[in-house]
Amino acid sequence: MAAMRAAPPPSGASLALLCFFLLCSSEPLLAGDIPTTLEGPFTPVTVPLDKSFRGNAVDLPDTDRRVQRTVSDFEPEQISVSLSSSYDSVWISWITGEYQIGDDITPLDPNSVGSVVYYVGSGSGQSHRATGYSLIYNQLYPFEGLENYTSGIIHHVRLKGLKPSTLYSYQCGDPSIAMSEVYYFTTMPVTGPSSYPSRVAVVGDLGLTYNTTSTVGHMLSNHPDLALLIGDVCYANLYLTNGTGADCYSCSFPHTPIRETYQPRWDYWGRYMQPLVSKVPIMVVEGDHEIEEQAENQTFVAYSSRFAFPSKESGSSSTFYYSFNAGGIHFLMLGAYISYNKSSDQYRWLEKDLAKVNREVTPWLVATWHSPWYSTYTTHYRDAECMRVAMEDLLYSYGVDVVFNGHVHAYERSNRVYNYTLDPCGPVHITVGDGGNREKMAITHADEPGNCPDPSTTPDAYMGGFCAFNFTSGPAKGNFCWDRQPEYSAYRESSFGHGIFEVKNETHALWTWHRNQDLYKYAGDVIYIVRQPDKCPIKGKRNF
């Protein structure tokens, strides 16, 4: 396949036309200003750093009205919607009661407040009632001087028997104590090859900064039907338990006996996000900032407690990995911080899940996890190589179309790639770890002179293992890094933003990446991702 240069972001009249099609057209635009993956692989493009835009990566303070508690006693707050494994079911989550932090805390009794949701589908007039379960969690430290935390009461209620593409109103709470205001959500379209959510927002490493507010504002303006958060949620672990924060924890607090975390920032994040996630379902997968070590070697407790996951519905025994359908898309949410080798529970679950996918029903197969396999930035360069070695063959054999990752705080889109080699049947890998968190933006590239990391620094600090060796073939043979932007990297740019994924039909999906510094309707990167089932047939496992 001949190499072509990726089309640069359009300008002037062509940009205005592009914006019209992005906002108004419901049909695929298969020619004109928008390139397609059929024209690839593209010659790699690096957009120079815009030094005038470095963003204001400062966390929202607890005095900001958007993160302050506006309810009293046991009124519901931090209300959110997430999907079950199919359109006919969703989860409603919320919190009642206030958290406590300090030396002397008394956990609330989760059985003291009911978990009830009343909901009505548009046009039916019939009210339904669902009940669920509640829990609290603690973040405890075995060292004197560190403040412990206990959460408010977290509620999760699953609604069942829902109709596809239907607007529902709902109220949540305990009818004997307090119910929420009326909120609304729309169910996913029916599972099938001809129906898709209009827009899926994709963002990673979001945090809770003034950059985050720009990202979320743009996402709201793009009217998504679903939001994917690819790890690293609120960055509570950039703080000590007394609320003192830093851009770099290890730099500022090198002598702490344990990696501390300021759990109230989870509550701030839940309050800030409520206007979006109370109406747009959000699906989350864990990142490294959700590890949050505490007493008795517990980890990921806040992440696993605060969100509802369709784990059981999709046959998973873990909150770290699960799957769900949204119309004709099957999403795989995989865990980069739990065992992924071929003897692991996750790998065996993934094999079973992939074997059940019917591409006649869900033609699109999209996979997400936090740490990217194909990033060319110096930060986190090849530190997920062991996961790639373990899982890439399996995902390739079942024809995954697109992979979304975070972790690296920049944007990058690959050509279709498999095993570091251009492959017309490989997935497109997209890194969107540019949501706006407090840590520094990734700027330098491993292929630039003097930037190639020492291989000994690249193993994942949490999962361990070392799999990133020098390349044995291709243009980088004998080297740990390329000496130029790798041919598998199609487009890269350091900026804050988010992406919108719009599947148009069984073969075409429009991907747009929106930078925070632009007006929301402008696209910094845009391409049609095109499936070729005739040239890349899926018949069980593809032969290598």
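Cut-offs and rules
Residues numbered from 1 in each chain as written. Predicted model: local features only at pLDDT ≥ 70, side-chain atom pairs only at ≥ 80, totals over all residues. Heavy atoms only, no water. Helix = DSSP H or I, 4+ residues; strand = E, 2+ residues; numbered from the N terminus. Rg over C-alpha atoms; globule rule 2.2 N^0.38 Å. Buried < 20%, exposed > 50% of the residue type's maximum accessible area, 1.4 Å probe, protein only. Contact = heavy atoms within 4.5 Å. Areas by Shrake-Rupley, 256 points an atom, 1.4 Å probe, with all protein chains shown as cover. Lys, Arg positive; Asp, Glu negative; His and termini not counted. Charge placed at Lys NZ, Arg CZ, Asp CG, Glu CD. Polar contact = N/O pair within 3.5 Å; in protein donor to acceptor, adjacent residues only side chain to side chain. Pairing = 2+ DSSP bridges. Disulfide = S-S within 2.5 Å. Expected span 1.5 Å × (residues − 1). Bend = angle between axes of the 7 residues up to and from the residue. UniProt positions renumbered as here; feature names shortened; annotations may be inferred. Patch = residues over 30% accessible without salt bridge, like charges linked within 9 Å, V, L, I, M, F, W, Y side chains within 5 Å. Salt bridge = Lys/Arg side-chain N within 4 Å of Asp/Glu carboxyl O. pLDDT = per-residue confidence, 0-100. Axes fitted to C-alpha atoms, helices over the stretch in contact; angles between N-to-C directions.

1. Here's the deal with the overall build of the protein chain
Right, so step 1: The helix and strand inventory of the protein chain stands at seven helices and 30 strands.
Right, so step 2: Here the protein chain has a C-alpha radius of gyration of 23 Å; the compact-globule value for 544 residues is 24 Å, and the two agree.
Right, so step 3: Seen through its C-alpha atoms, the protein chain measures out along the principal axes to roughly 65 × 60 × 50 Å.
Right, so step 4: Taken across its 544 residues, the protein chain has 59% of its residues classed as buried.
Right, so step 5: Residue pairs in contact within the protein chain that sit at least 24 positions apart in sequence constitute 71% of those at least 6 positions apart.
Right, so step 6: When the accessible surface of the protein chain is totalled, it reaches about 21,100 Å², and 50% of it is carbon and sulfur.
Right, so step 7: Charge separation in the protein chain, taken as the distance between the mean sites of 39 positive and 57 negative side-chain charges, equals 7 Å.

2. As for the side chain of His407
Right, so step 1: Within the secondary structure, His407 is located in the loop between β22 (402–405) and β23 (411–414).
Right, so step 2: Engagement of the side chain of His407 in a polar contact is seen with the side chain of His370, the distance being 3.1 Å.
Right, so step 3: In contact with His407, not counting residues within four places along its chain, are Asp205, Asp288, Tyr337, His370, Ser371, Pro372, His380, Asp383 and Gly433.

3. Remarks on the pairing of strand β13 (residues 167–174)
Right, so step 1: Burial of β13 is extensive: six of the eight residues sit out of reach of the surface.
Right, so step 2: Looking at chain direction, strand β7 (residues 116–121) and β13 are connected through six bridges and run antiparallel. From the neighbouring strand, Val116 faces β13, where its bridge partner is Gly173.
Right, so step 3: Where β13 and strand β15 (residues 183–186) come together, four bridges link them in antiparallel fashion. Bridge pairing in β15 places Leu167 opposite Thr186.
Right, so step 4: The sheet contact formed by β13 and strand β14 (residues 178–179) spans two bridges and is antiparallel. Within β14, the position partnered with Gly173 by the bridge is Met179.
Right, so step 5: Counted between consecutive antiparallel strands, the loop separating β13 from β14 contains three residues.

4. Thoughts on the state of the cysteines
Put plainly, a disulfide is one covalent bond tying together the sulfur atoms of two cysteines.
Right, so step 1: A complete count under the given rule lists four disulfides for this structure.
Right, so step 2: The disulfide partner of Cys248 is Cys251, and the S-S distance across this bridge is 2.2 Å. Because the sign of the S-S torsion sets the handedness, a value of about 65 degrees for the bond joining Cys248 and Cys251 places this disulfide among the right-handed ones.
Right, so step 3: With relative accessibility at 27%, the residue Cys248 sits in the partly exposed group.
Right, so step 4: With its sulfur 2.1 Å from that of its partner, Cys452 forms a disulfide with Cys481.

5. Quick look at helix α7 (residues 385–397)
An α-helix turns once per 3.6 residues; consequently, residues spaced three or four apart project the same way.
Right, so step 1: The end-to-end C-alpha distance of α7 is 18 Å, a good match for the 18 Å that 13 residues give at a rise of 1.5 Å each.
Right, so step 2: Where α7 bends most, at Met391, the angle is about 45 degrees.
Right, so step 3: Where α7 is buried, its residues contact β20 (329–333), α6 (345–356) and β24 (417–418).

6. So, unusual backbone geometry
Right, so step 1: Geometrically, the link from Gly40 to Pro41 is a cis peptide bond, its omega value of 0 degrees lying close to zero.
Right, so step 2: Position of Pro41 relative to the elements: it lies in the loop between α1 (12–24) and β2 (42–43).
Right, so step 3: Backbone geometry places Ser165, a non-glycine residue, at a positive phi of 45 degrees.
Right, so step 4: Note on placement: Ser165 falls in the loop between β12 (153–159) and β13.
Right, so step 5: Positive phi is not limited to glycine here, since Asp232 has a value of about 60 degrees.
Right, so step 6: Positionally, Asp232 belongs in the loop between β17 (226–230) and α3 (249–252).
Right, so step 7: Take Asp232: its relative accessible area is 1%, and that puts it in the buried class.

7. Comments concerning the UniProt feature "domain: Purple acid phosphatase N-terminal" (unreviewed entry) in the protein chain
Right, so step 1: Mapped onto the present numbering, the UniProt feature "domain: Purple acid phosphatase N-terminal" (unreviewed entry) falls on residues 76–187.
Right, so step 2: The straight-line gap between the two end C-alpha atoms of residues 76–187 is 22 Å; of that span, 0% is helix and 51% is strand.

8. Things to note about a nonpolar patch on the surface
Right, so step 1: Judged by side-chain polarity, Leu167, Val182 and Tyr184 come together as a nonpolar surface patch covering roughly 270 Å² of accessible area.
Right, so step 2: Topologically, Leu167 is positioned in strand β13.

9. Side note on the confidence of the model for the protein chain
Right, so step 1: Overall, the predicted model of the protein chain reaches an average pLDDT of 92, with 92% of residues at or above 70.
Right, so step 2: Predicted confidence is poor over residues 1–32, with pLDDT under 50, and the contacts of this stretch with residues over four places away or in other chains come to 54 contacts.

10. Overview of the sheet that holds strand β16 (residues 200–203)
Right, so step 1: Strand order in the open sheet made by the six strands is β18-β17-β16-β28-β29-β30, with mixed pairing throughout. On the outer flanks of this sheet lie β18 (282–285) and β30 (525–530), each paired with one strand and no other. Here the strands of the sheet are splayed against their neighbours by 20 degrees on average, with no regard to which way each runs.
Right, so step 2: Here β16 runs beside β17; their pairing, made up of four bridges, is parallel. Looking across to β17, one finds that Val203 is bridged to Leu229.
Right, so step 3: Where helix α2 (residues 210–221) meets the sheet, it contacts β16, β17, β28 (497–503) and β29 (508–515), and its direction lies at approximately 20 degrees from that of β28.

11. Here's the deal with the environment of Val202
Right, so step 1: Following the sequence through the fold, Val202 ends up in strand β16.
Right, so step 2: Val202 gets classed as buried once you look at its relative accessible area, which sits at 0%.
Right, so step 3: Residues Val202 and Ile230, spaced 28 residues apart in sequence, show a C-alpha to C-alpha distance of 7.5 Å.
Right, so step 4: Look past the residues within four positions of Val202 in its chain and what remains in contact with it is Leu228, Ile230, Phe404, Val432, His498, Gly499, Phe501 and Trp511.

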